[in-house]
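# Results of the structural survey
Below, each chain spelled out in residue letters.
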Amino acid sequence: MNLPEKWLWYRDLLQVLLHKELSVRYKGSFLGFVWSLLNPLAQALIFYLVFSVYMRFQVSHYLVALLAAMFPWQWFVNSVNEGPHTFAANPTLVKKVAFPRQAIPLVMILQNMIHFCIALPVYAMFMLADGLSPGWIWLWGIPLMLVLTLASLYGICLFLGSVNLFFKDLGNLTVILTQMAFFATPIMYTLGQVPEKYYWCFKINPVAPLFICWRSLLMDNVINYDFLPYVAGYTVLFSFLGFSVFRRLHRRFAEVL
Amino acid sequence: MRDAAVVFEDVWKSYPSYTHVTGGIKGFLFHLPQALKGLRGRRTALEGLSFEIGRGENFGFIGHNGAGKSTILGLIAGVLSPDKGKVEVNDRVSPLLELGAGFHPELSGRVNILLNGVLLGLTREEVLEHEEKIIEFAGLGEFIDMPVRTYSSGMYAKLGFSVVANLKPEILLLDEILAVGDITFQHKCKAVFEEFRKKPDVTMVLVSHSLDNVVEVCDRAAWIEGKKVRMIGEAKEVVAAYKAVNERNSRGCGVTLEREAIPAHIGTNRVELNYSDALGVLSPRSSKEVLRINNQAVLLTTYPEAFLHKGGGEYELLDIAHNLRKLGLVADVYSPFSKSLANYGTVIHFSVNASGLPIVEAVKNTGKKLILWPNFWTSKVAANENAIATRLADLADIIVFKSHTEKTNFENVVSIYAEKALIIPTAVAPIFIDSTPENLFRKSFDLNEYLVWVGIFEPRKNQLGVINVLRDLELPIVFIGNYRDEAYYRACKAAAPDHFMFLEPMEQASDILRAAIRESRLYLEPTLEPAGKSVIEAAISGARVLVADQPWEREHLGRFAVYVNPKDAASIREGVRLALTTPVDPEQVQALAQKHLMPQVLDRLVSCISETA
């Protein structure tokens, strides 16, 4: 196979696998992909009730602010929690067929990304209902953030998926870590509520800058240049880590599965 | 030489012994020294293999299980990588290893064709180009648009095969020559292989235990042994050399060797089984069938001196064997005329007698499935019997109880795993529902209405007690049976009024005995120990029955029988009065028959025997 033919195949492979994942995920479920919306919406509603209605958080447009971070978080956390299992859950693909295995986590992340993209118009409606409106900056801001998030997730999931085959405890550990990350990241609270002298906490947290930038973009229609460099930096770090671990370990996958 | 499709250059491959690592972090930390050693320790599977397979060539690998053949296939397929050396594969590989690997059960056959094709390395367009051909070849009709989880295993394999066979394979990897599906489809498979064999651009790599297949299909072959290539060359010559060495080693145990030759990792294949003296030559279509045929032969054993005093237990054994045969199994009773053990998949051992232990141990040593049939309904156990029962229960894979009462009694003595226990209701021969000539017994003995008691005379049977209570009864009681305790028998006769009758024992299940039971107003057996199987036979043949109120009786007869306290005169009198005034409910007889009649009652035993281990 020459090179363009190979790329053609890669494209088809991703397309077919993605189509498979999407059609399988909600097969036989009545509400189908609506669930991918209901989940973050329900969570946001709970936070809204608890923090805004009962505890009187003084944050304007709190529900929209919640959703602006909750939708990307949903994409992120679904992918990361599934990450350790991507290879382990597909033993036949790993053991029986020779094809680029790195496609397995990629397809999983893309699938979650598509759900996120479907949620964006819904988010926009919440904005409009609350007297806010999307900005033109979305046109290039969203693709940029999609690429950065995708690359980070891909690195994280390659790492988790590869290492988990050798250390099975990683799956459980990951769930705890994502839970901690949720509270250590301004999602249910906003950056504005945190004194500026503590911002360094979010800068050393490899996950937080991503969601800070998503909220700035989706809610305030600005690119947050304070945190964007950190997003880029962590993305490079995650990708590098993920790919190098995968490269080192993937030859042994079929032996341990 | 044509250009090479596959080149192995001094290939080494080892597998990790990741035991401590895969055990998780905890296991890793708790066993740190071993774990670190484990990280480094690897078992080698191949040691410096070199060979070349030309494009269009048909190449076979032979060798024992574990020689490394599957590892070679994995290396060619690209799912494994060598530790050292070079594996060069110049064409697209189509592994025909596991048909339908990568199929998703929820998706339709059509979508799965695309999925599978793309996974095999084709673009979407290329797959769609061949889609119609694949669908036609698979011949699944409208099933092609149904989710593959609804497919039978045959259909699944057909579709998998069709995908691989029709998508321009370049290097075809085969673990055994596959012939899947029905006969027509198998012919199609064969035709396809023949076509591939001749095509100059299709390379076939075959791993097989069927040496005939290798000779038939392959141009060249390699014999892998001890992690190395032992011989490489013309297929015919390599096979001949392999045969020469192995036949020398295996003479005399052909059957076991053939069976070992079924590799566990193969889903569907064709295996030739050669039962030289038993079942003739079978060519089952799948390995599943191989196992079933094997397991369907049953040997029935008991302790050696059992047939010196042929009694109820021995008749039961013969009856079971007879009825298992009716259900389509091969069932032989151990004797000079039964076949040797290798021919049977399962052994059923009757009784928990100490002298039977050596037989059971010998059976177990060969790894056969062992079903223990304790016949253990009494609750009295001798001390040494206790130990034997424990040992036998340990050896058994399944223990058959004929009632929960028996199971409970047994468990009082021996603790067993719950999953070993199998309850097969007391089996009654179908002859008991056969009709008898009208009034045969009444005419023969010039009787009108009467009560009947069939069975041996002894104190624990309680005949004397009943006679003393019922001596004033208008209707006669007819006792049929021998005595074990002569004094007791005499006492019974002496106590009985003149119109009671004492008859000699009659042939088991004979017309006259069945008539005696069937024509009676009431069948009595209110014994002090659990009643015998005869009560169920009587009930099924339609007699009214009166028994002691004990768990065994309650479990078997439910609401059908009249229950009395065998030691209480008033209770017996009341029971007899009740029994004589209430008619038998035919529906309940029917229900009892359904539960106990052979051969159906043995169905669960048969499925237990047929189950692959």
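One can find the structure itself at the top, above this paragraph.
Description of the structure in this document. Nothing here was measured: the structure is a model prediction, and the numbers come from that model.

Calculation notes
- In this convention, every chain numbers its residues from 1, walking through the sequence in written order.
- Naming scheme: in the order in which they are written, chains are lettered from A and ligands are numbered from 1.
- It should be noted that, the model being predicted, local features are given only for residues of pLDDT at least 70 and side-chain atom pairs only at 80 or more, the latter also being counted only at that level, while totals for whole chains, interfaces and linings use all residues.
- Note that the side-chain values use all heavy atoms of the structure and ignore hydrogens as well as water.
- Elements are defined by DSSP. Helices are runs of H or I of four residues or more, strands are runs of E of two residues or more, and each kind is numbered from the N terminus.
- Relative accessibility under 20% of the residue-type maximum defines a buried residue, over 50% an exposed one, and the middle range a partly exposed one, all with a 1.4 Å probe and only protein chains included.
- By definition, residues are in contact when any of their heavy atoms lie within 4.5 Å.
- Accessible areas in this description were obtained via Shrake-Rupley with a 1.4 Å probe; residue shielding takes into account the shown protein chains only.
- The length a helix should cover is 1.5 Å for every residue beyond the first.
- Note on definitions: buried area is the accessible-area loss of two parts on being combined, 1.4 Å probe, summed for both.
- Within this document, salt bridges are pairs made up of a side-chain nitrogen of Lys or Arg and a carboxyl oxygen of Asp or Glu, the two lying within 4 Å of each other.
- Definition of a polar contact: a pair of N or O atoms within 3.5 Å, with one able to donate and the other able to accept a hydrogen when the atoms are protein atoms, and with sequence-neighbouring residues admitted only if both atoms are side-chain atoms.
- In this count, Pro and Cys sit with the nonpolar residues alongside Ala, Val, Leu, Ile, Met, Phe, Trp and Tyr, while Asp, Glu, Lys and Arg are called charged and the others, Gly among them, polar.
- We treat two strands as partners when DSSP finds at least two bridges between them.
- An axis is simply a line fitted to the C-alpha atoms; with a helix, the fit covers only the stretch in contact. Between two such axes, the angle follows the N-to-C directions and lies from 0 to 180 degrees.
- The cut-offs work like this: below 35 degrees is roughly parallel, past 145 is roughly antiparallel, 65 to 115 is roughly perpendicular, and the gaps in between are oblique.
- Buried residues of nine kinds, namely Ala, Val, Leu, Ile, Met, Phe, Trp, Tyr and Cys, make up a nonpolar core once their side-chain atoms join them within 4.5 Å.

All right, on to the overall build of chain B then. The helix and strand inventory of chain B stands at 25 helices and 23 strands. Within chain B, the proportion of its 613 residues that are buried is 52%. Long-range contacts, defined here as pairs at least 24 residues apart, represent 68% of the contacts in chain B between residues at least 6 apart. When the accessible surface of chain B is split by element, carbon and sulfur atoms take 52% of a total near 28000 Å².

We now examine helix H2 (residues 34-54) of chain A. All names here are of chain A. When the terminal C-alpha atoms of H2 are compared, their 28 Å separation across 21 residues agrees well with the 30 Å that a helix rising 1.5 Å per residue should span. Inspection of H2 places Ser36, Leu37, Pro40, Ala44, Phe47, Phe51 and Ser52 among the buried residues, and these make up the whole buried set. Turning to H2, the residues buried within the fold contact helix H3 (62-82), helix H5 (103-129) and helix H7 (170-183). Just downstream of H2, Arg56 is the residue with a positive phi angle, here 55 degrees.

In this section: the interface of chain A and chain B. Across the boundary between the two partners, chain A contributes 31 residues, which contact 34 residues of chain B. In total, about 2900 Å² of surface goes out of reach between chain A and chain B, with carbon and sulfur atoms giving 69% of it. Of all residues in chain A, the largest losses of buried area upon contact with chain B belong to Val16(A), Lys96(A) and Glu255(A), amounting jointly to 20% of the total for that side. A salt bridge links Glu255(A) to Lys13(B); its shortest N-O distance comes to 2.2 Å. At the junction of chain A and chain B, the tally comes to five residue pairs in polar contact (both at pLDDT 80 or more). Of all the secondary structure elements, the ones that give two or more residues to the side of chain A that touches chain B are helix H1 (3-25), helix H4 (91-96) and helix H11 (253-256) of chain A. In terms of residue count, the dominant contributor to the side of chain A that touches chain B is H1(A) (10 residues). Counted by class, the side of chain A that touches chain B contains 17 nonpolar, three polar and 11 charged residues.

On to the side chain of Thr71(B). Residue and element names in this part refer to chain B. Within the secondary structure layout, Thr71 lies in helix H4 (residues 69-77). In this structure Thr71 comes out as buried when scored by relative accessible area, which is 7%. The contacts of Thr71, once residues within four sequence positions are left out, are Lys13, Tyr15, Ala45, Leu46 and Leu80.

Take the sheet that holds strand S1 (residues 4-16) of chain B next. Residues and elements named next belong to chain B. The strand order S2-S1-S4 describes an open sheet built from three strands, whose pairing is antiparallel. Because the sheet does not close on itself, it has two edges, and the strands there are strand S2 (42-54) and strand S4 (84-89). Strand-to-strand twist in this sheet, taken as the mean axis angle between neighbours without regard to direction, amounts to 20 degrees. In terms of strand pairing, S1 meets S2 through nine bridges, oriented antiparallel. Across the sheet, residue Val6 finds its bridge partner in S2, namely Ile53. Across the sheet, H4 touches S1, S2 and S4, and the angle it forms with S1 is around 120 degrees.

All names here are of chain B. In this structure the tally under the stated criterion is 33 salt bridges over all chains. As a salt-bridge pair, Lys198 and Glu194 come within 3.8 Å of each other at their nearest N and O atoms. Of this pair, Lys198 and Glu194 both sit in helix H8 (residues 183-198), four residues apart, which is roughly one turn of that helix. Lys198 gets classed as exposed once you look at its relative accessible area, which sits at 61%. Among the residues examined, Glu194 registers a relative accessible area of 33% and is labelled partly exposed. By sharing partners, the salt bridges in this structure join Arg110, Glu131, Glu132 and Asp145 into a single network.

Residue and element names in this part refer to chain B. In this structure, Asp219 sits in the loop between helix H9 (211-217) and strand S8 (220-225). It is 6.8 Å that separates the C-alpha atoms of Asp219 and Glu57, two residues lying 162 residues apart in sequence. The residues contacting Asp219, other than those within four sequence positions of it, are Glu57, Asn58, Arg197, Gly233, Glu234 and Ala235.

Take the packing of H5(A) against helix H9 (residues 208-220) of chain A next. Residues and elements named next belong to chain A. Across the interface, H5 lies against H9 with an axial gap of 11 Å and an inter-helix angle of 50 degrees. One element, H5, and the other, H9, form an angle in the oblique class. In this structure, H5 contributes Phe116, Leu120, Tyr123 and Met127 to the contact, and H9 contributes Trp214, Leu218 and Met219. Partitioned by chemical class, the residues of the contact of H5 with H9 number seven nonpolar, no polar and no charged.

Residues and elements named next belong to chain A. In this structure, Asn164 sits in helix H6 (residues 138-164). There is a polar contact of 2.8 Å between the side chain of Asn164 and the backbone oxygen of Pro84. With sequence-adjacent residues up to four places away left out, Asn164 is seen in contact with Pro84, His85, Ala88, Asp169, Leu170 and Gly171.

Turning next to the nonpolar core. Judged by nonpolar contacts, the single largest core of 138 residues is most densely connected at Trp73(A), Phe76(A), Phe99(A), Tyr123(A), Phe202(A), Trp214(A) and Leu159(B). Considering every element that reaches this core, the biggest residue donor is H3(A), with 15 residues. Setting aside residues up to four positions removed in sequence, Trp73(A) forms contacts with Thr178(A), Ala181(A), Phe182(A), Ile187(A), Val207(A) and Phe211(A). Core analysis: the next-biggest nonpolar cluster, separate from the first, contains 61 residues, Val478(B), Leu513(B), Ala538(B) and Ala561(B) among them.

Another point: unusual backbone geometry. Residue and element names in this part refer to chain B. A cis amide bond links Met598 to the next residue, Pro599, at an omega of 0 degrees. By secondary structure assignment, the location of Pro599 is in the loop between helix H24 (586-596) and helix H25 (603-610). The phi torsion at Asp10 lies on the positive side, around 45 degrees, for a residue other than glycine. Relative to the helices and strands, Asp10 resides in strand S1. One non-glycine residue, Ser351, lies in positive phi territory at about 75 degrees. By the element assignment, Ser351 lies in the loop between strand S14 (346-350) and helix H14 (357-365).

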